[in-house]
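# Fold and geometry: a report
Here's the letter readout for the chains.
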Amino acid sequence: MSWQEKLRNVEPYQAGEQPKIKNLIKLNTNENPYHPGEKVISAISDFDAAILSLYPNPDADDLKHSLAQYHGLKDEQVFLGNGSDEVLALIFLTCFNGQAPVLFPDISYSFYPVYCELYDLNYEMIPLNEHFEIIKEDYYKENSGIIFPNPNAPTGLLVSLDFIEDILKHNQNSIVVVDEAYIDFGGESAVTLLEKYPHLLITQTFSKFRSLAGIRLGVALGNQEIIAKLYDVKNSFNSYPIDSLAQVIGKASIDDSFYIKDNARKIIETREYTKRELKNLGFEMPDSYANFIFIKHPQKDAEEIFKKLRENGILVRYFKKPRIDQYLRVTIGTQEQMEIFIENIKKIID
Ligand code: PMP
């Protein structure tokens, strides 16, 4: 066998473009259009760079404690990783071992099948119904684990806590993961269900609601037995889970929560404005509860709109995938950015 044949082949996840050119209106990767809060900014300017010659605090106690308090949980119920992508990767590796397939929706976060391929896990992608809804009864069958985002991505549709409870009740022997990357834009977190359901695991991120995509901080919240196992696996790759600067910034961001919630409120208002304007122009869309919308024009080609917007300096996300290749996912920017977006869309579809 040659060394080339010994290399692992994986079909990588295709992340949205991070353009080198500035001044684009960037509505393609669901980042928050507002800058991080004052506490984060001062934590960075007060940061003592001398400590960077030392390894970070392996327990990240301050950050973990603040987060636990914020959610009304114990410190032992909080797992931290480098972005929720890493947290999710470690969950797939730690929690989904079994012969039966891991179940997740078909039309969902496209990293899930990538993790399954990477770890040789059986999986089944369960189609959403014609309205892009998850049908809970489809998940009442033998499985090695269940995961879905709430709200779902890229549709933005939300399920209720009752819906999640039904899935938990029918799957007592599997870990059910609810990926709450976008929960703070109008949804209700399943954190309140943790006490009752020890097999529920929730992931969240600092990238969206907390405007901190650049520091890579993600979280899992769950029962301490699962969290401890996740740390065992993570520490087997790298015994210093979160770097020192991210620990300080993350903690300051929890202290900035008032400012951050106000930004989320503005994003929701702008989302509702954008939906209304687009509906008046004939666009169709599921009812998004996230910081993005998923839109389709019955007569106009989505890829064409995507290209024309790009030429005009506006980046949105186009997925060349069956069933959704006539849709665009548009991140909600500031009110000003969305007004420019609407003006452009009007000209393009005219
Ligand atoms: N889950 C979902 C559903 C997402 O859309 C994203 C962002 N691409 C993530 C998790 C990962 O976010 P991050 O790694 O920035 O925490």
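Computed from a predicted structure; not experimentally measured.

### Let's talk about the packing of helix α3 (residues 83-95) against helix α4 (residues 111-118)
Running from amino to carboxyl end, α3 crosses α4 at an angle of 45°, the nearest separation of the two axes being 10 Å. By the criterion of interaxial angle, the relationship of α3 to α4 is oblique. In this structure, the crossing between α3 and α4 has a hand that is right-handed. In this structure, α3 uses D85, L88, A89 and F92 to contact α4, whose residues at the interface are F111, Y115 and C116. Broken down by class, the residue content of the contact of α3 with α4 amounts to 6 nonpolar, no polar and 1 charged.

### Observations concerning the sheet that holds strand β11 (residues 317-318)
Pairing in this open sheet of 3 strands is antiparallel, and the strands run β9-β12-β11 from one edge to the other. At either end of the open sheet lies a strand with only one pairing partner, and these are β9 (292-295) and β11. Pairing between β11 and strand β12 (residues 328-331): 2 bridges, direction antiparallel. For Y318, the partnering residue across the bridge sits in β12 and is L328.

### Comments concerning the site of the ligand
Contacts to the ligand come from G83, S84, D85, Y109, P149, A153, D179, A181, T205, S207, A213 and G218. Of all the elements, α3 adds the most residues to the shell around the ligand, at 3 residues. Of the residues that constitute the shell around the ligand, the class distribution is 5 nonpolar, 5 polar and 2 charged.

### Details of the environment of A252
Residue placement: A252 occurs in helix α7 (residues 244-255). Classification of A252 by C-beta neighbours within 10 Å gives buried; the count is 23. Leave out the neighbours within four places in its chain, and A252 touches K39, V40 and A43.

### Things to note about the UniProt feature "modified residue: N6-(pyridoxal phosphate)lysine" (unreviewed entry) in the chain
As annotated in UniProt, the feature "modified residue: N6-(pyridoxal phosphate)lysine" (unreviewed entry) corresponds to K208 in the numbering used here. You can see K208 is positioned in the loop between β7 (200-205) and β8 (218-222). Judged by the 26 C-beta atoms lying within 10 Å of it, K208 falls in the buried class. With residues near it in sequence (within four places) discarded, K208 still touches N30, N32, A181, Y182 and N291.

### Observations concerning the pairing of strand β3 (residues 102-106)
Burial analysis of β3 places 4 of its 5 residues in the buried class, which makes it a mostly covered element. Two elements, β3 and strand β4 (residues 123-127), share 5 bridges in a ladder whose sense is parallel. Bridging across to β4, L103 finds its partner in E124. Each parallel crossover has a hand, and for β3 linked through α4 to β4 it is right-handed. Relative to strand β5 (residues 145-149), β3 is paired through 2 bridges, and the arrangement is parallel. Counted as the bridge partner of L103 is I146 from β5.

### Thoughts on the pairing of strand β6 (residues 176-179)
Where burial is concerned, the two faces of β6 agree: the one with V176 and V178 and the one with V177 and D179 are both buried. Two elements, β5 and β6, share 4 bridges in a ladder whose sense is parallel. Residue pairing for β6: F148 is matched across the bridge by V178. Traced from β5 through helix α5 (residues 161-169) to β6, the parallel crossover comes out right-handed. As paired elements, β6 and β7 share 4 bridges and run parallel to each other. Bridging across to β7, V178 finds its partner in I202.

### Concerning the UniProt feature "domain: Aminotransferase class I/classII large" (unreviewed entry) in the chain
Within this numbering scheme, the UniProt entry marks residues 23-345 as carrying the feature "domain: Aminotransferase class I/classII large" (unreviewed entry). Taken end to end, residues 23-345 has its terminal C-alpha atoms 18 Å apart, with 37% of it in helix and 15% in strand.

Reading guide: rules and limits
Residues numbered from 1 in each chain as written. Predicted model: local features only at pLDDT ≥ 70, side-chain atom pairs only at ≥ 80, totals over all residues. Axes fitted to C-alpha atoms, helices over the stretch in contact; angles between N-to-C directions. Helix = DSSP H or I, 4+ residues; strand = E, 2+ residues; numbered from the N terminus. Parallel < 35°, antiparallel > 145°, perpendicular 65-115°, else oblique. Left-handed = near helix turned anticlockwise from the far one by under 90°. Contact = placed C-beta atoms within 7 Å. Nonpolar A, V, L, I, M, F, W, Y, C, P; charged D, E, K, R; others polar. Pairing = 2+ DSSP bridges. Near = placed C-beta within 6 Å. Buried ≥ 20, exposed ≤ 12 C-beta atoms within 10 Å, placed from the backbone. UniProt positions renumbered as here; feature names shortened; annotations may be inferred. Right-handed = clockwise from strand over helix to strand, strands pointing away.

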